[in-house]
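A structural walkthrough
Take a look at the letters that make up each chain.
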Amino acid sequence: MKLAFSTVALALASFAHAAPGGQLRARHESFDVAAHLGNLAPYRKAPVPHGVAETLPEGCEVEQVMLMHRHGSRYPLASELVFITDLVGKLANASEAIKKARLPEELAFLKEGYVSTLGHDNLTAPGRMQLFEHGVDFRLKFPNLKVDGILAGLQDRVVESAQWFAQGYFGRDWAALNATAFSTIAEDAKTVSWITPMDTCANWQYAYGNNATIEWGKVYLPPIAKRLNKLLPGVNLTTDNVHGALYACAYDLAALGASPWCGAFAKSEIEDFEYELDLLMDGAFGYNLPGDMGEVLGSLYVGKLVERFTNATGDAQQVYLEFGHDTTIDLVLTALGLAKDSRPLSAKGPARASRKWRTSEQVPFAAQMRWEKFTCSSSSSSSSSSSSSAFKAGEPQIRLVLNDAPFPLSACARTHADKKHGSCALAGFVEAYKESAGRTWGDRAWNATCGPATL
């Protein structure tokens with residue numbers, strides 16, 4: 001298939017960036033709805049932590065990179081789409097009542113009716129653009145590092161995401177490289193994978209997270225339904241319909257760049273929806289999994305990271321480009337004790353504004369978990385020529401860049417330079433996480449958590 005990729009890129013760019021701020025900010029002034037949609041949020045750069053330098057100092061050079069990339073923006077899952085289609089049907093049946101009602105400005109769009117043409121599961125146009133752009137950006141960030149191949153979890157939207165990234169990175173050369181440089185790994189109960197480790201853990205259940213969202217939904221959805229029904233007499237929205245409207249906000253945005261529903265909710269209502277998505281990911285792929293299940297599952301990736309950055313097998317590549325899910329990234333954070341709240345998130349609430357576990361910032365669509373191994377010359381310094389602020393010359397260092405912002409590795413940070421850049425000596429990282437990196441599928445810790453290992 002021959003494509004003029006520069007033309008495609010420009011067309012997609014204009015579409016993907018066409019989200020009119022007015023529709024998203026109409027009721028909220030400075031509140032950005034798109035930044036509070038949890039793991040359904042469109043990609044954006046994460047905030048740089050206070051006091052942490054965004055870039056490495058002069059004299060430091062990245063020598064190895066391991067990228068785990070989430071797929072781009074997608075249509076709703078089939079199980080989510082049903083909430084939207086039921087909402088559309090409810091509104092259509094009440095169209096006469098809606099036309100007669102005196103609606104506030106934020107609901108006036110319903111006078112013309114609301115229809116949805118959303119598909120399910122596949123990447124959207126903005127999702128394709130996100131990956132293409134990220135491929136270009138990666139090439140510009142690391143022009144001197146050699147990429148030998150790409151690995152993707154074997155799911156359609158993940159494979160397609162990897163392909164769009166490759167088009168951005170390699171350009172027209174990818175047509176010839178695709179057959180030899182691209183590989184997949186199955187996402188099933190018979191394949192041990194650091195991308196989808198929960199699939200080979202018999203005791204893992206998605207319900208761990210989903211049950212928490214159901215409980216929280218009983219808390220925050222009824223007041224929204226009551227408020228909207230006062231404004232829409234004769235419609236009789238259910239809490240499921242409200243859920244559908246919140247999904248419509250997120251997925252219209254993911255597919256079309258804008259949604260009238262995003263302006264229909266108060267700031268606190270959007271934040272409660274965001275908390276629902278945090279509960280889902282924390283419960284199914286994070287710290288609210290039973291016991292140390294999250295840490296054990298994420299340890300498969302930690303072991304792979306240490307193996308590669310220490311060249312334990314003697315054949316480490318300069319760059320690893322791998323594509324998976326939000327679940328992959330959240331499990332890694334859990335294994336490393338990152339983004340951990342001192343008090344577990346509760347399905348009863350409240351949605352604490354100060355919580356560390358934030359899927360909007362951790363795993364938006366097209367999230368990028370980028371691990372960098374770097375070394376510095378004797379002249380490199382994080383802020384001055386003071387020896388207390390300089391990296392040790394020639395000593396391998398490691399840092400995590402999550403969604404284009406450094407994410408501090410506090411467990412192994414020892415020096416001023418570590419704290420300034422969110423990094424730590426590779427040897428210190430290996431020591432701090434030796435237990436996690438030492439775990440393997442089917443070992444004692446795995447079997448105690450997941451049950452006897454079978455494929």
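Look up: the structure comes first, before these words.
In this text the structure is predicted, and so the values were computed from the model without any measurement. (Residues numbered from 1 in each chain as written. Predicted model: local features only at pLDDT ≥ 70, side-chain atom pairs only at ≥ 80, totals over all residues. Heavy atoms only, no water.)

1. Regarding the pattern of salt bridges
This structure, assessed with the given rule, holds 21 salt bridges. Put simply, E274 and R358 hold a salt bridge, and the shortest N to O gap is 3.4 Å. Note that E274 is positioned in helix α10 (residues 267-285) and R358 in the loop between α12 (326-335) and α13 (359-362), a separation of 84 residues in sequence. Since its relative accessible area comes to 14%, R358 is described here as buried. With a closest N to O distance of 2.8 Å, R370 and E372 form a salt bridge. The pair formed by R370 and E372 is uniform in burial state, with each residue classed as buried. Within this structure, K141, R370, E372, R399 and D404 form a network of salt bridges that share partners. (Salt bridge = Lys/Arg side-chain N within 4 Å of Asp/Glu carboxyl O. Helix = DSSP H or I, 4+ residues; strand = E, 2+ residues; numbered from the N terminus. Buried < 20%, exposed > 50% of the residue type's maximum accessible area, 1.4 Å probe, protein only.)

2. What to know about the packing of helix α8 (residues 207-231) against α10
Interhelical geometry of α8 versus α10 gives an angle of 170° and a closest axis separation of 7 Å. Accordingly, the angle class assigned to the pair α8 and α10 is roughly antiparallel. On α10, the residues touching Y208, G209, N210, A212, T213, W216, Y220, I224 and R227 of α8 are E269, D272, F273, Y275, E276, L279, L280, G283 and A284. Split into classes, the residues belonging to the contact of α8 with α10 amount to 10 nonpolar, 4 polar and 4 charged. (Axes fitted to C-alpha atoms, helices over the stretch in contact; angles between N-to-C directions. Parallel < 35°, antiparallel > 145°, perpendicular 65-115°, else oblique. Contact = heavy atoms within 4.5 Å. Nonpolar A, V, L, I, M, F, W, Y, C, P; charged D, E, K, R; others polar.)

3. Some points on the nonpolar core
Ranked by internal contacts, the top residues of the largest apolar core, which has 101 residues, are L110, W261, F265, L297, W371 and F429. Looking at which element gives the most residues to this core, the answer is helix α9 (residues 239-256), with 11 residues. If near-sequence neighbours (up to four positions away) are discounted, W261 is found in contact with L87, L91, L107, F109, L110, Y114, A245, A248, C249 and D252. Counting residues in each nonpolar core, the second largest holds 34 residues, with Y43, F132, F170 and A417 among its members. (Core = buried A, V, L, I, M, F, W, Y, C linked by side-chain atoms within 4.5 Å.)

4. Re the state of the cysteines
Inspection of the entire model under this criterion finds 4 disulfides. There is a disulfide in this structure between C60 and C376, and the S-S distance comes to 2.0 Å. Handedness of the C60-C376 disulfide follows from its S-S torsion of about 105°: it is right-handed. Pair noted here: C60 is in strand β1 (residues 60-70) and C376 is in strand β5 (residues 368-376), with a separation of 316 residues, a long-range link. C376 carries the same exposure label as C60, and that label is buried. Here C249 is linked by a disulfide to C262, with a sulfur-sulfur distance of 2.1 Å. Here the S-S torsion is close to 100°, and the disulfide linking C249 with C262 is therefore right-handed. In this pair, C249 sits in helix α9 while C262 sits in the loop between α9 and α10, placing the two residues 13 residues apart along the sequence. Sequential numbering of the bridged cysteines in the chain gives the disulfide pattern 1-5, 2-8, 3-4, 6-7. (Disulfide = S-S within 2.5 Å.)

None of the figures reported here should be taken as evidence of function without further support.
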